[in-house]
Amino acid sequence: MDLERRGLLRRIIVFLLLSLLALIMYGLAVWSWNSSMELSAYDMVLRMRFKASPRPDVVVLAIDSKTIDELGPLPWDYKKHARIIRALTKVGANRIVYDFLFDRPDSLHPGADTALWEAVRSAGNLFLPMAYDPLRETEWTPSDIRALIILERFAISRRIEYPVNSPMFSYYFFIPPVANLMTVAEGIGGMVGTPSAGVVREAQLAYLTTVKYPIPIQPLPQTTPLPKLTDQVVALPGLPLAVSAKILGVDKDQIIIDLTGSIDLIANQSLVAEIPVDEQGRMLINYVGPAGTIPRYSASDLLSGKLDRSLFAGKLVLVGVTDSSSPYAGVLPTLYGQMPRVEVTANALMTILDKSFLVRRKLEALAVLLVLGILLGLLLPSFSESQLSFFAIVAPLVYILVAMIVLATLKHVLPIIPSVLLILFSSVIAGLLYPAGATE
């Protein structure tokens, strides 16, 4: 009887210690949430999944080395970009995302600005990127101020909630396209491409900012439009959000931004998409595969008439530099290696359009570790020494396999390193407090 009581006591002690260890591992998970080790393990699990199929209605028109050889080195005059836009309009592209920052007038080539403006206006379905640079030059021209005022048109100024730790971006450090192009573009959004721990895993969908204007270096012309949102907190959309909202038929006033959990897209009073984001407004990108997975065609072949209209008709076409030797390619380190920015943007867009959102929450990590700790506390006291040794080797591999299956099916990201450490430490504790082969 005493042996049975001692055995029961040891089981209770092991159970309580492993539950406590689970809480300690949760603390480790929170502390190392974006550590390079945990994120590398996350990347590994993502790459272990079966390769997904890209959407058939999304293609990349590449400004590749062949195009640059034929049209000349970048930067081009704006007439050449206008040629590509007109060609895409002619073949019936449904929407065009032109991943190239036109932030200054093309003063060196007479008529180039007008040609590009006319091409964008005629297309009527073109989206342009803007950049954010906290080191932007401190002298703002009247043209800069006009562009920032027009940028208000694309700002989300209603239904915004955010925690106190959400970062704020300075409004006047955004670099929008030239003002004239903004008046005819269908949408404007921030470029994708701020690495987290060295790798682009997220797309910034909402930039919180307070609308404030700098003092221009010259008096503003009387024709300058008046700002309407000065001193208001607004959210400027990232390019994937701006494009996907239009495709899904969502007006910007029907976008609910809640940085405590999600960005909701509403159309016809119905929830179209609930995008999980963190407190910084970032969404995890669910990459469909390495560079080249999304169909890619050369802009040179389009301009020369070598490509069939059906490759672009009715499709979302992303135009961008893919020649890795060009600084304009914006090649970014992703979990699949180096990828041109235009393809990272395409992956982010498809994540929203397919509603294939990845969810990575700290509370879920707590639940997983607690459940794992309880299971280990119930199972390990009954193992022999040889069984504990085998368990310590096999169980982490099984857990990683389970994490991969959960990610592939449910799209939820489980903690990797803390869970593996919990299994290993649990095996050691069980071996010390409940020696193998002990009999009651």
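Here the structure is shown first, and the text comes after it.
Here the structure is a predicted model, which is why all the values come from computation and not from measurement.

K.L.:
Describe the overall build of the protein, and please don't skip the residues or the numbers.
P.N.:
Per the secondary structure count, the protein includes 13 helices and 18 strands. The 440 residues of the protein split such that 52% are buried. Taking as baseline every contact in the protein between residues at least 6 positions apart, the subset at least 24 positions apart corresponds to 81%. About 20000 Å² of surface is accessible on the protein, with carbon and sulfur atoms providing 60% of the total.

K.L.:
Describe the pairing of strand β2 (residues 95-98), and please don't skip the residues or the numbers.
P.N.:
Residues of β2 alternate between two faces, with R95 and V97 on one and I96 and Y98 on the opposite face, all of them buried. The pairing of β2 with strand β16 (residues 316-321) spans four bridges and is parallel. Opposite Y98, over in β16, you have V319 as the bridge partner. Note that β2 and strand β3 (residues 126-132) share two bridges and pair parallel. Bridged to V97 within β3 is F127. The handedness of the β2 to β3 crossover, carried by helix α5 (residues 112-123), is right-handed.

K.L.:
Give me the nonpolar core: which residues, what numbers.
P.N.:
Membership of the largest hydrophobic core comes to 61 residues, with the highest contact counts inside it found for L61, I84, L88, Y98, L151, F312 and V319. Setting aside residues up to four positions removed in sequence, F312 forms contacts with V59, L61, L88, V91, G92, A93, N94, Y297, L302, L307 and V317. Ranked by size, the runner-up nonpolar core spans 60 residues in total, among them I160, L265, A273 and L372.

K.L.:
Would you mind going over the packing of aromatic side chains in detail, with residue names and values included?
P.N.:
Counted according to the given criterion, the structure contains 16 aromatic pairs. Ring centres of Y98 and F102 lie 5.7 Å apart, and the angle between their planes is 40 degrees; this geometry places the pair in the tilted category. Centroid distance F169 to Y207: 5.0 Å. Interplanar angle 70 degrees. Geometry classified as edge-to-face. Highlighted residues: F169 in strand β5 (residues 169-170) and Y207 in strand β9 (residues 206-210), separated in sequence by 38 residues.

K.L.:
So what's going on with the sheet that holds strand β10 (residues 233-237)? Which residues, and what values?
P.N.:
On the basis of which strands lie adjacent, the open sheet formed by three strands has the order β5-β9-β10 and mixed pairing. Lying at the two open borders of the sheet, with one neighbouring strand each, are β5 and β10. The pairing of β9 with β10 spans five bridges and is antiparallel. Bridging from a neighbouring strand, L208 pairs with A235 of β10.

K.L.:
If you had to explain the pattern of salt bridges to someone new, which residues and values would you point to?
P.N.:
When charged atoms on two side chains of opposite charge get close, those side chains can pair. On inspection of all chains with the given rule, the structure shows 13 salt bridges. Put simply, D354 and R55 hold a salt bridge, and the shortest N to O gap is 2.7 Å. With a gap of 299 residues between them, D354 in the loop between α10 (341-353) and α11 (362-379) and R55 in the loop between α2 (36-48) and β1 (58-63) connect regions that are remote in the sequence. Here E118 ties to R121 by a salt bridge, and the two come within 2.4 Å at their closest N and O atoms. Of this pair, E118 and R121 both sit in helix α5, three residues apart, which is roughly one turn of that helix. The exposure class assigned to E118 is partly exposed, which follows from its relative accessible area of 31%. Through salt bridges that share partners, R55, D57 and D354 make up one connected network.

K.L.:
Describe the pairing of strand β7 (residues 187-190), and please don't skip the residues or the numbers.
P.N.:
Neither face of β7 is exposed, since G187 and G189 on one face and I188 and G190 on the opposite face are all buried. For β3 and β7, the ladder comprises four bridges, and the chain directions are parallel. Looking at the pairing, P129 lines up with G189 of β7.

K.L.:
Describe helix α4 (residues 78-90), listing the residues and the values that go with them.
P.N.:
Spacing of three or four residues puts side chains on the same side of an α-helix, whose turn is 3.6 residues. With 13 residues, α4 ought to run about 18 Å at 1.5 Å a step, and its terminal C-alpha atoms sit 18 Å apart, in line with that. Among all positions in α4, only Y78, H81, A82, I84, I85, A87 and L88 are buried. Where α4 is buried, its residues contact β1, β2, α5, β3, α9 (299-303) and β16. Measuring from the side-chain oxygen of the N-cap residue of α4 to the backbone nitrogen of K79 gives 2.9 Å; that N-cap residue is D77. Just past α4, the residue G92 takes up positive phi, approximately 85 degrees.

K.L.:
So what's going on with a nonpolar patch on the surface? Residues and values would help.
P.N.:
Residues V371, I374, L375, L378 and L379 make up a contiguous nonpolar surface patch of roughly 440 Å² in combined accessible area. Considering the arrangement of structural elements, one finds I374 in helix α11.

K.L.:
Give me the environment of S157: which residues, what numbers.
P.N.:
Within the secondary structure, S157 is located in the loop between α6 (142-151) and β4 (160-161). Residue S157 is classed as partly exposed on the basis of its relative accessible area, which comes to 25%. Sequence separation between S157 and I255 is 98 residues, and the spatial gap between their C-alpha atoms is 9.7 Å. Setting aside anything within four residues of it in sequence, one finds S157 in contact with L229, Q232 and V234.

K.L.:
A description of the environment of R55 should follow, citing residues and the corresponding values.
P.N.:
Along the primary structure R55 and L23 are separated by 32 residues, whereas in three dimensions their C-alpha atoms are 41 Å apart. If we ignore the near neighbours within four places in the chain, the residues touching R55 are M350, L353 and D354. A polar atom in the side chain of R55 sits 2.7 Å from the side chain of D354.

K.L.:
Describe the packing of helix α8 (residues 239-247) against α10, with residues and values.
P.N.:
With their axes 9 Å apart at the nearest point, α8 and α10 run at an angle of 45 degrees to one another. The angle between the axes of α8 and α10 places the two elements in the oblique class. In this structure, the crossing between α8 and α10 has a hand that is right-handed. Residues L239, P240, L241, V243, S244 and I247 of α8 pack against T345, A348, L349, I352 and L353 of α10. Class assignment for the residues of the contact of α8 with α10 results in nine nonpolar, two polar and no charged.

The rules we used
Residues numbered from 1 in each chain as written. Predicted model: local features only at pLDDT ≥ 70, side-chain atom pairs only at ≥ 80, totals over all residues. Heavy atoms only, no water. Helix = DSSP H or I, 4+ residues; strand = E, 2+ residues; numbered from the N terminus. Buried < 20%, exposed > 50% of the residue type's maximum accessible area, 1.4 Å probe, protein only. Contact = heavy atoms within 4.5 Å. Areas by Shrake-Rupley, 256 points an atom, 1.4 Å probe, with all protein chains shown as cover. Pairing = 2+ DSSP bridges. Right-handed = clockwise from strand over helix to strand, strands pointing away. Core = buried A, V, L, I, M, F, W, Y, C linked by side-chain atoms within 4.5 Å. Phe/Tyr/Trp six-rings, centres within 6.5 Å; stacked < 30°, edge-to-face > 60°. Salt bridge = Lys/Arg side-chain N within 4 Å of Asp/Glu carboxyl O. Expected span 1.5 Å × (residues − 1). Polar contact = N/O pair within 3.5 Å; in protein donor to acceptor, adjacent residues only side chain to side chain. Patch = residues over 30% accessible without salt bridge, like charges linked within 9 Å, V, L, I, M, F, W, Y side chains within 5 Å. Axes fitted to C-alpha atoms, helices over the stretch in contact; angles between N-to-C directions. Parallel < 35°, antiparallel > 145°, perpendicular 65-115°, else oblique. Left-handed = near helix turned anticlockwise from the far one by under 90°. Nonpolar A, V, L, I, M, F, W, Y, C, P; charged D, E, K, R; others polar.

Everything listed is a geometric property; what it means functionally is a separate question.
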